[in-house]
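Here is how the chains run, residue by residue.
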Amino acid sequence: MNCAIQNAEVLDGAHLLQILWHDGVESFYPAVWLRDNCQCPECYLDSAKARKLLVETLDVNIGIKGLSFDKKRVHITWPNEHCSDFEADWLKKRCFSQQAREKLQRDLFLPECQYWGSELQLPTLDFEDVLRNDEHAYRWLSSLKRVGIVRLTGASDKRGEVLKLGKRIGFLYLTFYGHTWQVQDKIDANNVAYTTGKLSFHTDYPALHHPPGVQLLHCIKQTVTGGDSEIVDGFNVCRKLEEKNPRAFQILSSTFVDFTDIGVDYCDFSVQSKHKIIELDDKGQVVRVNFNNATRDTIFDVPVERVQPFYTALKEFVDLMNCKEFKFTFKMNPGDVITFDNWRLLHGRRSYEAGTEISRHLEGAYADWDVVMSRLRILRQSVQNRNRISDP
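Quick notes on the rules
- Residues numbered from 1 in each chain as written.
- Predicted model: local features only at pLDDT ≥ 70, side-chain atom pairs only at ≥ 80, totals over all residues.
- Heavy atoms only, no water.
- Helix = DSSP H or I, 4+ residues; strand = E, 2+ residues; numbered from the N terminus.
- Areas by Shrake-Rupley, 256 points an atom, 1.4 Å probe, with all protein chains shown as cover.
- Salt bridge = Lys/Arg side-chain N within 4 Å of Asp/Glu carboxyl O.
- Buried < 20%, exposed > 50% of the residue type's maximum accessible area, 1.4 Å probe, protein only.
- Phe/Tyr/Trp six-rings, centres within 6.5 Å; stacked < 30°, edge-to-face > 60°.
- Lys NZ or Arg CZ within 6 Å of the ring centre and 35° of its normal.
- Polar contact = N/O pair within 3.5 Å; in protein donor to acceptor, adjacent residues only side chain to side chain.
- Contact = heavy atoms within 4.5 Å.
- Pairing = 2+ DSSP bridges.
- Axes fitted to C-alpha atoms, helices over the stretch in contact; angles between N-to-C directions.
- Core = buried A, V, L, I, M, F, W, Y, C linked by side-chain atoms within 4.5 Å.

Some thoughts on the overall build of the protein
Working step 1: Scanning the protein from N- to C-terminus turns up ten helices and 22 strands.
Working step 2: Accessible surface computed for the protein: about 20,300 Å², of which carbon and sulfur atoms make up 51%.

Considerations on the pattern of salt bridges
Working step 1: This structure, assessed with the given rule, holds 23 salt bridges.
Working step 2: Of the charged contacts in the structure, one is a salt bridge between E230 and K198, with a shortest N-O distance of 3.7 Å. In this pair, E230 is assigned in strand β14 (residues 229-233) and K198 in the loop between β11 (181-183) and β12 (199-202), connecting sequence segments 32 residues apart.
Working step 3: For E230, a relative accessible area of 4% gives the class buried.
Working step 4: For K198, a relative accessible area of 52% translates into the label exposed.
Working step 5: Linking K315 and D319 is a salt bridge whose minimum nitrogen-to-oxygen distance equals 3.1 Å. With a gap of four residues between them, K315 and D319 both fall in helix α9 (residues 307-321), about one helical turn apart.
Working step 6: When its relative accessible area of 38% is taken as the criterion, D319 is described as partly exposed.
Working step 7: Linked by salt bridges that have partners in common, D70, R73 and E87 make up one network.

A few points about the packing of aromatic side chains
Centre distance and the angle of the planes are the two values used to describe a pair of aromatic rings.
Working step 1: Tallied over the entire structure, the rule returns 13 aromatic pairs.
Working step 2: Geometrically, the ring pair formed by W33 and F96 is edge-to-face, given 5.2 Å between the ring centres and 85° between the ring planes. Placement of the pair is W33 in helix α1 (residues 31-36) and F96 in the loop between α2 (88-93) and α3 (98-109), with a sequence separation of 63 residues.
Working step 3: A cation over a ring is seen here: R239 above Y115, with NZ or CZ 3.7 Å from the ring centre.
Working step 4: The lysine or arginine in question, R288, covers the ring of W343, its NZ or CZ lying 5.0 Å from the ring centre.

Regarding the side chain of D297
Working step 1: For D297, the position within the fold is in the loop between β18 (286-289) and α9.
Working step 2: Of note is the side chain of D297, whose polar atom sits 3.4 Å from the side chain of T298.
Working step 3: Not counting chain neighbours up to four residues away, the residues in contact with D297 comprise D258, F259, T260 and Q272.

What to know about the sheet that holds strand β7 (residues 73-77)
Working step 1: Pairing in this open sheet of three strands is antiparallel, and the strands run β6-β7-β8 from one edge to the other. Looking at which strands have only one partner, the edges of the open sheet turn out to be β6 (66-69) and β8 (83-87). Ignoring strand direction, the axes of neighbouring strands in this sheet form an average angle of 15°.
Working step 2: Alignment of β6 against β7, held across four bridges, turns out to be antiparallel.

Some thoughts on the nonpolar core
Working step 1: Counting residues in each nonpolar core, the largest one holds 53 residues, and the members touching the most others are I149, L252, I277, I278 and F317.
Working step 2: Here the element with the most residues in this core is α9; it accounts for six residues.
Working step 3: Residues in contact with I149, not counting those within four places in the same chain, are W116, L120, L122, P123, L144, I231, I338, T339, F340 and L345.
Working step 4: V150, I169, L172 and A365 belong to the second-largest nonpolar core, a separate cluster that totals 26 residues.

In structure tokens, the structure reads:
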């Protein structure tokens, strides 16, 4: 960042530090925040990047007793003679101005979202390149975060490839269906995906209170006719629904819906959850779609007069998903791995003919967005450092 301090002074009765930077920008830092975030070994465990100072010992009305500075750092003395040093770059990064905070949040959470419909150009990378090369892995995860889906080609036609991707990011998300699971026609199927019938647009596992964030599907065998994959950008459809029918959007983003999943697989399970189909953050932005018609419970915990309006809103939402302008259809080939955002995309499948042998086989797995974002931040730093070194 290479920031330089031009001036520093104490304001507001010693409760506020003002810094004037060489670029003319001013930053303000409350004394209590500075004391709370002292970086000395007594207050901060550098090996764990974690605060040691306890809130119990923090004087929330503390003031700054002494201040000195140069271009690269600020030195503060506190009333009990404890001292704190803060690097200029560290302070500038944590500036409390709205512009600085927004920039830092973008850097931390990478919220950029590229909406799409039937015109989607499916991002595609080589499977082995992603496993072996940090730059390709970074492209994979950054595209996954921005677009919501990436296809990897060139994997084998054997089980175990999604486990390699799990190891590449860190680890996979264990559910009641196992670390990985086999999508194929099964007798007495314990999931509608394990049949040959059409699957309507859905997100996976809203029956969990914390549904898996990322899904990985590896095509091992593909049927000749049918079995095409269908996807839709749920965030884009939500935008359209809010624009076209605000009342329907309001109902789906405020009504808690019951989901259930009961059966035996990795172990026996009886799962219940409640979700709003369209989940918003505190700014009103869509952050997750929770919808699986197969596991939507018969129990519906709303007053009777709200049932009909809910169904009307839900039908409008599903009809929008199925519009040609939003739906993207493709067919997976053996060796393809589709990785996608299960909080954003809804996916489905066209039906296919059942045969005497298994004609279509996918191996699936889940990953948590926290794990994926952790790897993405590490890869970004690695790639940036490498590029910095290679620049003349």
